[in-house]
Amino acid sequence: MKNRLKSLTMLNGKKRYIAMAIIGVELLSLPAAAQIVHRAVFEIKPRVVAVEIPTDEAGLSRFLVTSNDGFGVDAIDLIGVINIEVRKSGSLSDVSRFGDAAQLPGKASLCAESYSALGSPIYAATRKTAMEPGEVVDQAVIFEFRYDASAAPTFVFKPGTEGALPPKNCNLNIG
């Protein structure tokens, strides 16, 4: 132990000041390095998760949706008009909330037309649902799809916005 202390104290004069300057510069550069790492852009694979919320009402489908990027929604086994409502925040029950750290990923409401039973794009989200850090449910939004009560469509949420077709808008309303 004495030998280590002796080698440290052997720095005297200009050598000591140069060593202290180097150590000082290293210490000052730590926050800058931390900022660079924090702001570095990493390629993250787009993901969207949609969980259907059961409903007894015919012609209505609800989904709790969260994503880390834009996404698209397709309707399969449906030809006709679909009214789409997106709610940014609210409650699922008296004790469970959603969307407190969310943003609208696209339009809040629109009317789209599904023109093929094989699948038609009905919604295009241009950004992620999360606006602030938080739990997954806090960053989620609710999608409500209203359509003809005799239909039984499947809604497919596709991650990413590349190659996504815009939905065919309509001017009709379904009651």
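Summarised in this report is the structure supplied together with it. (Residues numbered from 1 in each chain as written. Predicted model: local features only at pLDDT ≥ 70, side-chain atom pairs only at ≥ 80, totals over all residues. Heavy atoms only, no water.)

Our focus in this paragraph is the sheet that holds strand β8 (residues 120–125). Taken together, three strands build an open sheet; the order of strands is β8-β3-β10 and the sheet is antiparallel. Bordering the open sheet on either side are β8 and β10 (154–159), each of which pairs with just one other strand. For this sheet, the mean inter-axis angle between neighbouring strands, taken without regard to orientation, is 25°. In this sheet, β10 lies alongside strand β3 (residues 71–76) in antiparallel orientation, the contact comprising six bridges. Bridge assignment links glycine 72 to a residue of β10, and that residue is lysine 158. (Pairing = 2+ DSSP bridges. Helix = DSSP H or I, 4+ residues; strand = E, 2+ residues; numbered from the N terminus. Axes fitted to C-alpha atoms, helices over the stretch in contact; angles between N-to-C directions.)

Per the stated rule, a full pass over the model turns up five salt bridges. Here aspartate 74 and lysine 158 are joined by a salt bridge, their closest N and O atoms 2.9 Å apart. Residue aspartate 74 is located in strand β3, and its partner lysine 158 is located in strand β10; the two are separated by 84 residues in the primary sequence. For lysine 158, a relative accessible area of 38% gives the class partly exposed. The salt bridge involving glutamate 144 is made with arginine 87; its shortest N-O contact spans 3.4 Å. Note that glutamate 144 is positioned in strand β9 (residues 141–146) and arginine 87 in strand β4 (residues 80–87), a separation of 57 residues in sequence. Given a relative accessible area of 36%, arginine 87 falls into the partly exposed group. What you see here is one network of salt bridges that share partners, running through Arg62, Arg87 and Glu144. (Salt bridge = Lys/Arg side-chain N within 4 Å of Asp/Glu carboxyl O. Buried < 20%, exposed > 50% of the residue type's maximum accessible area, 1.4 Å probe, protein only.)

A few words now on the packing of aromatic side chains. The tally for this structure, following the rule as stated, stands at 11 aromatic pairs. Ring geometry for phenylalanine 143 versus phenylalanine 157: centroids 5.7 Å apart, planes at 85°, classification edge-to-face. Taken together, the residues phenylalanine 143 in strand β9 and phenylalanine 157 in strand β10 connect sequence positions 14 residues apart. Judged by relative accessible area, which is 0%, phenylalanine 143 ranks as buried. Here the aromatic residues Phe63, Phe71, Tyr123, Phe143, Phe145, Tyr147, Phe155 and Phe157 are joined through ring pairs into a cluster of three or more. (Phe/Tyr/Trp six-rings, centres within 6.5 Å; stacked < 30°, edge-to-face > 60°.)

Positive phi is not limited to glycine here, since aspartate 77 has a value of about 65°. Within the element layout of this structure, aspartate 77 appears in the loop between β3 and β4.

The next subject is the nonpolar core. Of all hydrophobic cores here, the largest spans 22 residues; its most connected members are Ile84, Ile122, Phe143, Phe145, Phe155 and Phe157. Elements with a contribution of two residues or more to this core: β2 (60–67), β3, β4, β7 (109–114), β8, β9 and β10. (Core = buried A, V, L, I, M, F, W, Y, C linked by side-chain atoms within 4.5 Å.)

Quick look at the side chain of aspartate 74 now. Note on aspartate 74: relative accessible area 15%, which makes it buried. In terms of polar contacts, aspartate 74 uses its side chain to reach the side chain of lysine 158, at 2.9 Å. Not counting residues up to four positions away in its chain, the partners in contact with aspartate 74 are Ser120, Pro121, Ile122, Thr154, Phe155, Val156 and Lys158. (Polar contact = N/O pair within 3.5 Å; in protein donor to acceptor, adjacent residues only side chain to side chain. Contact = heavy atoms within 4.5 Å.)

This part takes up a nonpolar patch on the surface. Together, Met20, Ile23, Leu27 and Leu30 make up an exposed nonpolar region whose accessible area comes to about 440 Å². In this structure, isoleucine 23 sits in helix α2 (residues 14–39). (Patch = residues over 30% accessible without salt bridge, like charges linked within 9 Å, V, L, I, M, F, W, Y side chains within 5 Å. Areas by Shrake-Rupley, 256 points an atom, 1.4 Å probe, with all protein chains shown as cover.)

Let us look at the pairing of β2. The buried fraction of β2 amounts to seven of the eight residues, a majority that puts the element mostly inside the structure. Both strand β1 (residues 48–53) and β2 contribute to a ladder of six bridges, which runs antiparallel. Note on β2: the bridge partner recorded for valine 48 is serine 67. Turn length for the β1-β2 hairpin, with the two strands adjacent in sequence and antiparallel, is six residues, and the turn residue glycine 59 shows positive phi of about 80°. The pairing of β2 with β9 spans six bridges and is antiparallel. The residue of β9 that forms the bridge with serine 61 is phenylalanine 145.

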